[in-house]
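A structural walkthrough
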Amino acid sequence: MEAIVPEFSGTGVALITPFRADKSIDYPALGNIIDYVIGGGVDYVVSLGTTGEAITLSTQECREILDFTIRHVDERVPIVAGFFGGNYTEKLAGFIRDYNFDGVAGIMSSSPAYSRPPQEGIYQHYMRVAEVAPRPLIIYNVPGRTSSNVLPETVLRLAEESDRFAAVKEASGILSQATEILRHRPDRFGVLCGDDPLVTATIAVGGHGGISVIANALPGHFSRMVRAARENRVDEARQLNFDMLDVHPLLYCEGNPVGIKAAVSLLGLCGNHLRVPLVPLSEPHREKLRRVLSLVPGLEL
């Protein structure tokens, strides 16, 4: 029997939102970045996730960025809308119910932040979202930002209870947690790694790919690594992972998307501008980032 491939597999990229010096949205640069990552072989894009600085954008700006992304992608790859998290469940449900998702293939929703609900509260929150969501849902577990961990039993309970849940973006950094989900998941349910350095390891235990930050700057390298890992070309995947390994820490040493914005600006794709409270990567780290990027095989600065 042919294996069932979950709807979201391979390489997703969490797109940055480029700004001009006056902090307005730089749409020409966004178009260039979209073309760059699609040309690099990514399988789908995530618009307005954490890496896209959605929390510093107005509701209207988010709508305009998503509309631009839909037009510019022009059906070349699927689009996931990544800014549908919240800790006020009914407000989030109303927002999703009333939103226009034409042109969007999936919705990524982070677990409630700050309130730190118990597992039953997380379950009820997501089930309410599933009641109103018109597109498949990707559960986003990112304890480093939400201060609560969506445990494997909760993810599996959601996946079994509703076929609206298509995947989990597992960004706890705990490989055994992803493994537990993979062991018991429904066939249609995907497990996507949200920690770039762990993507090959997650695929090795049965994972389906990752939603990447570094793929904004290195889409070809990352996509080839994921493809090689999924096709069991272990040596190739390992080497590509090694090639990028020194870059990863510098993308997070002063926070995300501070590091990836610096990397993409070094490639000439956009300016190095962020909205306060985020600020550009400090010069010593930026210079170190320039050096390690220059060592990535095949990359030209």
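Residues numbered from 1 in each chain as written. Predicted model: local features only at pLDDT ≥ 70, side-chain atom pairs only at ≥ 80, totals over all residues. Heavy atoms only, no water.

1. Digging into the overall build of the chain
Within the chain one finds 13 helices and eight strands. Seen along its three principal axes, the alpha-carbon backbone of the chain occupies a region of about 50 × 45 × 35 Å. Accessible surface, the chain: about 12,800 Å² in total, of which carbon and sulfur atoms supply 50%. Between the mean site of the 28 positive side-chain charges and the mean site of the 35 negative ones, the chain shows a separation of 3 Å. (Helix = DSSP H or I, 4+ residues; strand = E, 2+ residues; numbered from the N terminus. Areas by Shrake-Rupley, 256 points an atom, 1.4 Å probe, with all protein chains shown as cover. Lys, Arg positive; Asp, Glu negative; His and termini not counted. Charge placed at Lys NZ, Arg CZ, Asp CG, Glu CD.)

2. Structural notes on the pattern of salt bridges
All chains considered together, the criterion is met by 12 salt bridges. The closest approach of N and O atoms between E120 and R157, which form a salt bridge, is 2.8 Å. Here the residue E120 occupies a position in helix α4 (residues 119-132), and R157 occupies one in helix α6 (residues 152-161), the gap between them amounting to 37 residues. With a relative accessible area of 37%, R157 lands in the partly exposed category. (Salt bridge = Lys/Arg side-chain N within 4 Å of Asp/Glu carboxyl O. Buried < 20%, exposed > 50% of the residue type's maximum accessible area, 1.4 Å probe, protein only.)

3. Side note on the nonpolar core
V45, F83, F84, I96, F165 and L289 are the most contacted members of the largest nonpolar core, which totals 90 residues. Here this core gets seven residues from one element, more than from any other, and that element is α4. Counting 14 residues, the second largest nonpolar core, distinct from the first, contains V80, A166, L192 and I211. (Core = buried A, V, L, I, M, F, W, Y, C linked by side-chain atoms within 4.5 Å.)

4. Section: the environment of A262
Its place among the elements puts A262 in helix α12 (residues 258-266). Classification of A262 by relative accessible area gives buried; the value is 0%. The spatial distance from the C-alpha of A262 to the C-alpha of L240 is 21 Å, given a sequence separation of 22 residues. Excluding residues within four positions of it along the chain, A262 makes contact with N272, L281, R286 and L289. (Contact = heavy atoms within 4.5 Å.)

5. Quick look at the side chain of S162
Position of S162 among the secondary structure elements: in the loop between α6 and β6 (165-170). Assessed through its relative accessible area of 14%, S162 is described here as buried. At a separation of 3.1 Å, a polar atom in the side chain of S162 contacts the main-chain amide nitrogen of R164. When residues no more than four places from it in sequence are discounted, the contact partners of S162 are M127, A130 and R188. (Polar contact = N/O pair within 3.5 Å; in protein donor to acceptor, adjacent residues only side chain to side chain.)

6. Quick word on the packing of α6 against helix α7 (residues 175-184)
Two quantities define a packed helix pair, namely the angle between the helix axes and the distance between the axes. Following both chains from N to C, one finds α6 and α7 inclined at 30°, their axes separated by 9 Å at the closest point. Overall, the two elements α6 and α7 adopt an arrangement that is roughly parallel. Of the two elements, α6 crosses α7, and the hand of that crossing is right-handed. Across the interface between the two elements, P152, V155, L156 and E160 of α6 pack against Q177, E180, I181 and H184 of α7. Among the residues forming the contact of α6 with α7, the class breakdown is four nonpolar, two polar and two charged. (Axes fitted to C-alpha atoms, helices over the stretch in contact; angles between N-to-C directions. Parallel < 35°, antiparallel > 145°, perpendicular 65-115°, else oblique. Left-handed = near helix turned anticlockwise from the far one by under 90°. Nonpolar A, V, L, I, M, F, W, Y, C, P; charged D, E, K, R; others polar.)

7. Let's talk about the sheet that holds strand β2 (residues 44-47)
A barrel is described by the order of its strands in space; here eight strands give the closed sequence β1-β2-β3-β4-β5-β6-β7-β8, paired in parallel fashion. Taken pair by pair, the neighbouring strands of this sheet meet at an average axis angle of 25°, ignoring direction. As judged from the three bridges shared by strand β1 (residues 10-14) and β2, these two strands associate in the parallel manner. The residue bridging V13 from the neighbouring strand is V45, located in β2. Against the sheet, helix α2 (residues 59-73) touches β2 and β3 (79-81), its axis set at about 175° to β3. (Pairing = 2+ DSSP bridges.)

8. Side note on the environment of V276
Residue position: V276 is located in the loop between α12 and α13 (283-294). Along the chain, V276 and T56 lie 220 residues apart, while their C-alpha atoms are 8.1 Å from each other.

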